[in-house]
Amino acid sequence: MATLTRALLVAFVFAACGPSGRGDDTGGDDTNVDAHTGNFATLSGKVWAPNQGPGQAPVGQEIPVAGALVYVTQNRPAPIPDQVYCEQCVETPNGGVLTGADGSFTLDVTPGRYWVVIEKGQFRIESEYDLQAGALQLTSQQTTLPSVWDPETGRFMPRMAMAQGTNDNIEDILGKLGVGTMAGNSFSNPAGEKGPELDIYQYSGTGTGTVTDLLSNIDTMRQYHIIFFPCATSMGGINTLLQDQNILANIRRYVSEGGKLYVTDWSGELADRAFPQQIELGDDGADSVGTYDPAAFTGSLTTMGDADGGLYEASDGKAVDTELNQWLGLQSGPTENGGTVGMYNANAFEVTDLWNWIKKLTPVQIGVDDMGMPVYDTPKAWVTGSKPGTSGATNRPIAVTYEPTGCGKVLYTAFQTAGSDHVGLYPQERVLLYLIMEITTCSNNPIL
């Protein structure tokens, strides 16, 4: 699978795609780690999700960030590009570490003045410190990732856009992460500390501010690191649009250039028609069938899928990715039905508002390597679940990612994320948070 080898790799931006995000302009490391002499500074702490650290989330329900990169550099890193860009994984900077499942890290460096950088994808906080010999425990205020784009103060978050869903209120979850402004437990408006933090488009209509306008203009799409397409009860308004190969080419081109798509249940045809080969939907909604040229972005569809399946709940939701499983299993919070607060069982948790399931994941050739050998991407299942009473729908993927040609990623979940007002974050909403951060990380050996 064309995904990141987590323990050894971190993000690097090709010069052709944007400025380097590491160290000096040459991409070299300028940190002298001298842990063997005993004369070093030991930096430690826990990295927390935006607006979900101690003092922000209810006690015991805080959300750590696993796999965040923590490193030091004498030169301030270049800013994250303010648009879609191609980011390739390289070796970890000398002495850099990735946080554990509980968000914890320990970093030994030679005493001196450094920029301490904490990041996961486009979420980054950078601060300058004089590190003296001995131990320094960073506070949660210093290690909680930001939910604001403010390069001057060293705080970054992804540039995000969202289609306004009719059932899946993803904006409520983003709001709980500090994006925009909340009214109680519901998203109120996109305005945040430094202005709008989420651009919202409407599925209906064709003018400015609509999904039709967004998908028709690749330069508009390029403004965003990630675009959310949550469930809409009817995609009829853009059904014809998604039969236009020029529109589907824009989606493919956006992903190729490093863009990330997050698509849920009944909006699945947006991804399924652009990339029809990666997954086969198994429920009532027709699956899209066709092919496309990953270099020219053109394609053909013999079946126009609609992704509309039937409602069910899976009591046997399981995080099948090892690192996601470990991360979720360390947390406690409310559950979907009843809201009881307790520790989560990552091997058996309830997933509600499911509207489809995935019958098959298909390896797809996305190009050739330097030796002319074919390179395949195999979609990855993160969560599985079963649809009661449906033949073949046992322990099937319900949250998957795949990486078409280029630097971007696509996430499809068969479940809605947020359907009603409530306190805290449910297990499937925490999975959303984990995967938002996961798909915004670098690409391992992308085919360009």
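Scroll up a little and you will see the structure.
So, here is what we can say about the structure in this document. Keep in mind that what you see is a predicted model, and the values were worked out from it rather than measured.

Section: the overall build of the protein chain
Then step 1. Of the regular secondary structure elements, the protein chain holds nine helices and 31 strands.
Then step 2. A compact globule built from 448 residues should have a C-alpha radius of gyration of about 22 Å, and the protein chain, at 21 Å, falls within 12% of that.
Then step 3. Projected onto its principal axes, the C-alpha coordinates of the protein chain cover approximately 65 × 55 × 40 Å.
Then step 4. Out of the 448 residues in the protein chain, the part that is buried amounts to 58%.

Quick notes on the side chain of Glu 269
Then step 1. Tracing the backbone through its elements, the reader meets Glu 269 in helix 7 (residues 269-274).
Then step 2. For the buried Glu 269, which has no salt bridge, the nearest side chain bearing the opposite charge is Arg 273, at an N-O separation of 5.1 Å.
Then step 3. Look past the residues within four positions of Glu 269 in its chain and what remains in contact with it is Met 235, Leu 242, Ala 274, Gly 305, Asp 306, Ala 307 and Asp 308.

What to know about the sheet that holds strand 17 (residues 226-229)
Then step 1. In spatial order, the strands read 16-11-17-18-31-30-29-22-25; together these nine strands make up an open sheet with mixed pairing. The open sheet has two edge strands, strand 16 (199-202) and strand 25 (349-354), and neither has a second partner. The mean angle between the axes of side-by-side strands here comes to 25°, regardless of whether they run parallel or antiparallel.
Then step 2. Bridging between strand 18 (residues 260-264) and strand 31 (residues 409-413) involves five bridges; their strand directions are parallel. Within strand 31, the position partnered with Lys 260 by the bridge is Lys 409.
Then step 3. The sheet strands contacting helix 6 (residues 245-256) are strand 17, strand 18 and strand 31, and the helix crosses strand 18 at an angle near 125°.

A few points about the packing of helix 8 (residues 322-329) against helix 9 (residues 427-439)
Then step 1. Across the interface, helix 8 lies against helix 9 with an axial gap of 11 Å and an inter-helix angle of 130°. The angle between the axes of helix 8 and helix 9 places the two elements in the oblique class. In this structure, the crossing between helix 8 and helix 9 has a hand that is right-handed. Residue-level inspection shows Glu 323, Leu 324, Trp 327 and Leu 328 of helix 8 in contact with helix 9, the latter providing Pro 427, Arg 430, Val 431 and Tyr 434.
Then step 2. Its residues assigned to classes, the contact of helix 8 with helix 9 shows six nonpolar, no polar and two charged.

Details of the nonpolar core
Then step 1. Ranked by size, the top nonpolar core spans 109 residues in total, and within it Leu 215, Phe 229 and Leu 261 carry the most contacts.
Then step 2. With residues near it in sequence (within four places) discarded, Phe 229 still touches Ala 163, Tyr 203, Val 211, Leu 214, Leu 215, Leu 261, Tyr 262, Val 263, Thr 264, Ser 267 and Leu 270.

A look at the state of the cysteines
Then step 1. Summed over all chains, the structure comprises one disulfide.
Then step 2. Residue Cys 86 pairs covalently with Cys 407 via a disulfide, S to S 1.9 Å. With a gap of 321 residues between them, Cys 86 in the loop between strand 3 (69-73) and strand 4 (87-91) and Cys 407 in the loop between strand 30 (396-402) and strand 31 connect regions that are remote in the sequence. Side by side, Cys 86 and Cys 407 carry an identical accessibility label, which is buried.

Comments concerning the layout of surface pockets
Then step 1. Here the largest pocket defines a volume of roughly 240 Å³.
Then step 2. Forming the walls of the largest pocket are 17 residues, and the residues nearest its centre are Gln 56, Leu 145, Pro 146, Ser 147 and Arg 155.
Then step 3. Along the lines of polarity and charge, the residues of the lining of the largest pocket split into five nonpolar, nine polar and three charged.

Definitions and cut-offs
- Here the residue numbers are simple positions, counted from 1 along each chain's written sequence.
- For a predicted model such as this one, the threshold for reporting local features is a pLDDT of at least 70, and the threshold for listing and counting side-chain atom pairs is 80 or more; totals across whole chains, interfaces and linings nevertheless cover every residue.
- Derived side-chain values reflect all non-hydrogen atoms in the structure, with water molecules and hydrogen atoms excluded from consideration.
- Per the convention used, a helix needs a DSSP run of H or I reaching at least four residues, while a strand needs a run of E reaching at least two, with both numbered from the N terminus.
- The globule rule is 2.2 Å times the number of residues to the power 0.38, and the radius of gyration it is compared with is taken over C-alpha atoms.
- Partly exposed residues are those whose accessible area sits between 20% and 50% of the maximum for their type, while under 20% is buried and over 50% is exposed, using a 1.4 Å probe and protein chains only.
- We treat Lys and Arg as the positive residues and Asp and Glu as the negative residues; His and chain ends play no part in the count.
- Should a side-chain nitrogen of Lys or Arg be within 4 Å of a carboxyl oxygen of Asp or Glu, the pair is scored as a salt bridge.
- Every residue pair with non-hydrogen atoms within 4.5 Å of one another is taken to be in contact.
- What makes two strands pair is DSSP finding at least two bridges between them.
- Each axis is a line fitted through C-alpha atoms, and for a helix only the stretch in contact is used; angles between axes span 0 to 180 degrees, taken between their N-to-C directions.
- Comment on the angle field: the value is read as roughly parallel under 35 degrees, roughly antiparallel over 145, roughly perpendicular from 65 to 115, and oblique elsewhere.
- Here is the rule for handedness: rotate from the far helix to the near one, and if that takes an anticlockwise turn smaller than a right angle the crossing is left-handed, while a clockwise turn gives right-handed.
- Put simply, Ala, Val, Leu, Ile, Met, Phe, Trp, Tyr, Cys and Pro go in the nonpolar bin, Asp, Glu, Lys and Arg in the charged bin, and everything else, Gly too, in the polar bin.
- Only buried Ala, Val, Leu, Ile, Met, Phe, Trp, Tyr and Cys residues count toward a nonpolar core, and they belong to the same one when joined by side-chain atoms within 4.5 Å.
- In this description, the term disulfide denotes a pair of cysteine sulfurs within 2.5 Å.
- Using a grid of 1 Å spacing that covers the protein atoms alone, one calls a set of points a cavity when a 1.4 Å probe fits there but cannot get out, and a pocket when the set is open and has protein on both sides within 12 Å along at least five of seven lines; lining residues are those with an atom within 4 Å of a point.
- Grid points are joined across faces, edges and corners, and a volume is the space filled by probe spheres set on the points.

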